[in-house]
Amino acid sequence: MSVGIRQNGSGKGVTSSFPILTRTDFSKSTFLVEIEHPVMAKAARPGQFVIVMLHEQGERIPLTIADFDRDKGTITLVVQAVGKSTREMQLLCKPGRDIYAMLGPLGIPSEISSKTKKVICVGGGLGIAPIYPQARAFKEAGAHVIGILGFRSSNLMFWEEKFRAICDDFIICTDDGSAGIQGLVTAGIEAAVKQHPDVDEVVAIGPPVMMRACAETTRPYGIKTMVSLNPIMVDGTGMCGGCRVKVGDEIKFACVDGPDFDGHKVDFADLFTRLQRYRPEEAEAMERYSESCRRLALAPDAAPSEGGK
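The following refers to the structure shown.

What counts, and where the lines are drawn
Residues numbered from 1 in each chain as written. Predicted model: local features only at pLDDT ≥ 70, side-chain atom pairs only at ≥ 80, totals over all residues. Heavy atoms only, no water. Pairing = 2+ DSSP bridges. Helix = DSSP H or I, 4+ residues; strand = E, 2+ residues; numbered from the N terminus. Contact = heavy atoms within 4.5 Å. Axes fitted to C-alpha atoms, helices over the stretch in contact; angles between N-to-C directions. Buried < 20%, exposed > 50% of the residue type's maximum accessible area, 1.4 Å probe, protein only. Core = buried A, V, L, I, M, F, W, Y, C linked by side-chain atoms within 4.5 Å.

**Comments concerning the sheet that holds strand 8 (residues 98-99)**
Inference 1: With antiparallel pairing, the 7 strands of this open sheet are ordered in space as 8-3-4-7-6-5-9. Looking at which strands have only one partner, the edges of the open sheet turn out to be strand 8 and strand 9 (101-106).
Inference 2: Running at roughly 40° to strand 6 (residues 61-69), helix 2 (residues 84-92) makes contact with strand 3 (18-25), strand 4 (30-36), strand 5 (49-53), strand 6 and strand 7 (74-80) of the sheet.
Inference 3: The strands touched by helix 3 (residues 128-140) are strand 6 and strand 7; relative to strand 6, the strand with the most contacts, the crossing angle is about 40°.

**Brief notes about the sheet that holds strand 13 (residues 181-182)**
Strand pairing within a sheet occurs via backbone hydrogen bonds; the two strands may be parallel or antiparallel.
Inference 1: Strand order across the open sheet formed by 7 strands is 13-12-11-10-14-15-18, with mixed pairing between neighbours. Looking at which strands have only one partner, the edges of the open sheet turn out to be strand 13 and strand 18 (260-262).
Inference 2: The pairing of strand 14 (residues 201-205) with strand 15 (residues 224-228) spans 4 bridges and is classified as parallel. Following the sheet pairing, Glu201 is matched in strand 15 by Lys224.

**Some points on the pairing of strand 12 (residues 169-174)**
Inference 1: Most of strand 12 is tucked away, with 5 of its 6 residues classed as buried.
Inference 2: Relative to strand 12, strand 11 (residues 144-151) is paired through 6 bridges, and the arrangement is parallel. In the strand pairing of strand 12, Gly147 is matched with Phe170.
Inference 3: Summarising the sheet, strand 12 and strand 13 pair through 2 bridges and their orientation is parallel. Each bridged residue has a counterpart across the sheet, and for Thr174 the counterpart in strand 13 is Gln182.

**What to know about the nonpolar core**
Inference 1: Counting 34 residues, the largest nonpolar core has Ile120, Val122, Ile148 and Leu229 as the members making the most contacts within it.
Inference 2: The element that contributes the greatest number of residues to this core is helix 5 (residues 185-195), accounting for 4 residues.
Inference 3: Sequence-distant contacts of Val122, defined by excluding residues within four places in its chain, comprise Ile131, Ile148, Val185, Ile189, Val202, Val203, Ala204, Ile205, Met210 and Cys214.
Inference 4: Of all hydrophobic cores here, the second largest spans 27 residues; its members include Val119, Cys121, Tyr132 and Phe170.

And the structure:
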């Protein structure tokens with residue numbers, strides 16, 4: 001686990017900040033930031049995540065590591081602006097600015113076994129980013145990699161060339177049929193299994209409803225299927241208990257026992273319920289932040305409050 005320390009004027013150690021080097025916007029709500037953090041880039045493994053704080057009063061936000069470059073010393077995160085804190089990140093995360101704090105890498109790295117000879121890596125929505133390092137790792141381990149990516153439409157597609165460079169077979173699925181197969185990623189899985197009945201493993205990352213559908217698609221075939229869970233998380237070290245999930249007959253904590261779990265054993269109904277738990281509080285925080293933004297728009301000379309207060 002890596003944290004940074006710098007010295008302030010009093011000589012006391014404080015949390016380091018981490019420079020944002022580049023930013024790429026994929027859509028109106030999804031964007032990528034590349035952050036300088038050489039120590040974490042050296043330690044990161046596929047499947048792990050970080051917790052970031054945008055500023056000193058910011059919320060702790062868990063984000064899966066989408067990529068890492070050990071030579072450049074960078075960590076790549078892909079963020080979808082859906083709530084108060086991620087929308088604030090969308091507004092403020094630009095090259096030249098810093099991330100106030102970044103904790104990680106957290107979680108158990110994905111198991112990349114050399115015994116896996118043929119694997120299907122499925123990414124949907126925001127899950128397309130974190131499935132990339134897993135697909136790359138399987139390729140480096142000598143596996144035949146089949147990549148399946150799902151988008152709502154072709155205009156929302158990203159990283160196609162990155163995936164084509166590491167995948168032996170590559171399938172795109174779009175809801176509207178504007179690219180690849182029209183339909184869900186499950187249609188891509190069915191097509192891939194039909195062509196490759198000797199698939200050893202499926203790895204799926206995306207919205208919970210998508211991951212459940214992938215697990216149900218592979219269940220009749222008896223194909224090992226791993227999913228990456230995204231329950232509510234606070235500290236990321238197993239202390240708060242907020243990220244508890246039911247897997248088979250056991251209670252697990254996604255931050256320290258995962259985030260990867262056997263998709264055929266995950267209780268997705270329980271996960272869906274827990275994901276709804278703080279919706280009223282999230283809506284209230286978003287309204288307060290939006291009101292703060294409206295006030296600033298009416299008074300452009302006022303100093304912005306990064307905490308949205």
